[in-house]
Amino acid sequence: MLLSSVLLASCEDSDTLAEQRLAGGLATFGTSHLVRFDMPVTSLSAQQKADFYAGRALAHQPWVTAPASTSARDGLGPLFNARSCLGCHIEGGRGTLPTDDSEPVFTAFVRLSIPGESIESGSVPEPTYGHQVQTQATGLKSQLGLPTGPGDLRAEADLRVIWEETPFKYPDNTVVTLGRPRIDLRDIAYGPMHPETLFSLRQAPAMFGVGLIEAIRQSDIDRFADPKDLNQDGISGRVNQVWSVSDGAISYGRFGWKANRPDIETTVAAAFADDIGISNTLFPVQPCTEAQPLCLKQPTGNNQDGVELPDDLLSLTVEFLRHTGVPAARLSKDHKVGEQLFHSVGCQQCHQPSFVTSDDAPTVHLAGQKIWPYSDFLLHDMGDGLADNRPDYAASGNEWRTAPLWGIGLQKNTGKTLSLLHDGRARSVEEAIIWHGGEALRSRNAFVELDKQDRQQLIDFVEAL
Ligand code: HEC
Ligand code: HEC
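What counts, and where the lines are drawn
Residues numbered from 1 in each chain as written. Chains lettered and ligands numbered in written order. Predicted model: local features only at pLDDT ≥ 70, side-chain atom pairs only at ≥ 80, totals over all residues. Heavy atoms only, no water. Helix = DSSP H or I, 4+ residues; strand = E, 2+ residues; numbered from the N terminus. Axes fitted to C-alpha atoms, helices over the stretch in contact; angles between N-to-C directions. Parallel < 35°, antiparallel > 145°, perpendicular 65-115°, else oblique. Contact = heavy atoms within 4.5 Å. Nonpolar A, V, L, I, M, F, W, Y, C, P; charged D, E, K, R; others polar. Pairing = 2+ DSSP bridges. Near = heavy atom within 4 Å. Polar contact = N/O pair within 3.5 Å; in protein donor to acceptor, adjacent residues only side chain to side chain. Patch = residues over 30% accessible without salt bridge, like charges linked within 9 Å, V, L, I, M, F, W, Y side chains within 5 Å. Areas by Shrake-Rupley, 256 points an atom, 1.4 Å probe, with all protein chains shown as cover. Salt bridge = Lys/Arg side-chain N within 4 Å of Asp/Glu carboxyl O. Lys, Arg positive; Asp, Glu negative; His and termini not counted. Charge placed at Lys NZ, Arg CZ, Asp CG, Glu CD. Buried < 20%, exposed > 50% of the residue type's maximum accessible area, 1.4 Å probe, protein only. Donors = N, O, S within 2.8 Å, 3.2 Å for Na, K, Ca; no water. Tetrahedral: all angles 85-135°; square planar, octahedral: opposite > 155°, others 65-115°.

Caption draft 1: How the structure looks around unusual backbone geometry. Between A66 and P67 the backbone carries a cis peptide bond, its omega angle lying at -5°. Along the chain, P67 falls in the loop between α3 (46–60) and β2 (79–80). Residue P78 follows G77 across a cis peptide bond; omega there is 10°. You can see P78 is positioned in the loop between α3 and β2. Look at Q232: it is not a glycine, yet its phi comes out positive at around 50°.

Next comes the structure, spelled out in structure tokens:
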């Protein structure tokens, strides 16, 4: 369905409903049978379209071990988590966790650090394993699952999750089973970790619509920040302060579960380097520490600039993401009650419905658009139940960035188990809400106290965003 038919369908309803359906303004695409989220906005010029598809191919294609005949896409690893972006961001959307520990985790990874501060990396890396546990290695024997000797490169560990389930009972006696994945690192290959290692399991979030998120003026986000809770509504909201490699300075954090990345370019360049092991000018090193000499000795796929990803290919991947649209909301008059409930229990205090993007944004469909991400993009203390106890730049172990809600209900259409919240623990919107604590506790409790039918109306509204 094209944008025009989204618009046509909307004409029959009230103006606000029509506006809200266009969740990404001009950058909205229709969603009749949508199973993928890496769709271009409709208003791209011929050149932008060509760049979009070239960038999309780079995000889809599996990278290969260096040296290879296809030197344009070699340099994988030597340690890595996945061979392609879409390997984790399923169809451009989010990842999914295995339902038990018989299968390794593929779309999520574990961040590591030890206590201390680092201006540039936000936290001090674990001395042997670095910032992230890489669960795959280019070593042939370890790829084939054969026994390895001292000369064979091995993955850092095998990541599994063990689910702990606890029943939750509503005042009306309805029971929901809440699941929580515990990190289980097996076959740790490079000796014991530092005794004070901090761990954070992070699920791949959706990556569409980031061009619009980047186009929101920082001053519009700052308006909702209230770090000292001066208005005493129990909700603070802070802006993360992170290192921008491209500026060589501290900047505002906007992307990632703890808003630990300042812009799309840094997010993508870091993903290439850490998740796939493809070095680039922003992150020019291989994912090996000094304690991993065999890793450091592996051949690289470096080009004449001494990195594996040329700048023009990094830009294409960034342009692809910048020009992915947002799926149209599936809202109808039937969702009015759900919407009112969403507001009356206070979800919108953090899940800020709309913004108008900056007029200075690079293209027509990104500039001056009224968009409906349902996030304030600020950090909130979400309580001990959700805490990873691992600081990330200025974000504490309890703080998380309000997750945007647009397109959330469509994720089910990919046929994968829904996997919400930073570590993918919630298998439904309902579970995600019940896990809310800290600053969100009052709102969560108000939800819990609704009667069953009202809870369902609120959930239906969220799933139609
Ligand atoms: C191994 C799985 C994995 C791979 C491969 C991967 N990502 Fe991610 N991605 C993640 C996780 C996990 C996060 C959240 C990280 C965090 O919060 O620290 C993320 C975050 C993002 C975000 C931020 C989204 C937001 O809402 O803020 C973007 C954009 C993104 N990735 C793009 C990419 C691109 C482009 C590639 C390929 C170069 C890629 N990712 C490869 C797992 C992956
Ligand atoms: C105090 C701020 C705050 C309030 C109030 C709040 N949320 Fe959230 N919400 C967050 C944050 C922060 C996250 C991300 C937490 C995490 O990943 O651990 C989140 C995550 C979610 C998610 C999962 C999104 C995803 O991509 O995984 C859903 C669904 C959600 N909230 C719905 C609601 C609803 C419905 C309400 C009202 C009952 C609500 N929230 C109230 C801050 C808030």
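Caption draft 2: Focus on the packing of α3 against helix α9 (residues 311–322). Packing of α3 against α9 leaves a shortest axis separation of 7 Å and a crossing angle of 105°. It follows from the interaxial angle that α3 and α9 lie roughly perpendicular. Residues D51, F52, A54, G55, R56, L58 and A59 of α3 lie in contact with α9, whose contacting residues are L313, L316, T317 and F320. Along the lines of polarity and charge, the residues of the contact of α3 with α9 split into 7 nonpolar, 2 polar and 2 charged.

Caption draft 3: Structural view of the pairing of strand β6 (residues 175–186). Here 12 bridges tie strand β5 (residues 158–169) to β6, and the two strands are oriented antiparallel to one another. Along β6, the bridge assignment pairs L159 with L185.

Caption draft 4: Representation of the site of ligand 1 in the model. In the region of ligand 1, 27 residues are neighbours, and C85, C88, H89, R202 and G256 sit closest. At 2.7 Å, a backbone N or O of G256 approaches an oxygen atom of ligand 1. One of the side-chain N or O atoms of N260 is found 3.3 Å from an oxygen atom in ligand 1. Elements represented by at least two residues in the shell around ligand 1 include exactly β3 (108–113), β7 (198–203) and α7 (264–276). Element by element, the count of residues in the shell around ligand 1 is highest for α7, at 6 residues. Of the residues in the shell around ligand 1, the class split is 15 nonpolar, 8 polar and 4 charged.

Caption draft 5: Spotlight on a negative patch on the surface. Negative charge collects at one region of the surface, where E265, D305, D311 and D312 lie side by side. As for its placement among the helices and strands, E265 is situated in helix α7. Note on E265: relative accessible area 31%, which makes it partly exposed.

Caption draft 6: Spotlight on the coordination of the iron atom of ligand 2. Binding of the iron atom of ligand 2 to the protein goes through H351 (NE2) and H436 (NE2), at separations of 2.0 Å. Seen from the iron atom of ligand 2, its 6 donor atoms lie at angles of 87 to 179°, and the figure they make is octahedral. Note that H351 is positioned in the loop between α10 (336–344) and β11 (355–356) and H436 in the loop between α11 (429–435) and α12 (441–448), a separation of 85 residues in sequence. There is no split in this pair, since H351 and H436 are both buried.

Caption draft 7: Structural context of the pattern of salt bridges. Counting across every chain of the model gives 23 salt bridges. Measuring nitrogen to oxygen at the nearest pair gives 2.9 Å for the salt bridge that ties E214 to R322. Within this pair, whereas E214 is found in helix α5 (residues 210–214), its partner R322 is found in helix α9, the two being separated by 108 residues in sequence. With a relative accessible area of 24%, E214 lands in the partly exposed category. When the shortest N-O distance is used, the salt bridge between R238 and E399 registers 2.7 Å.

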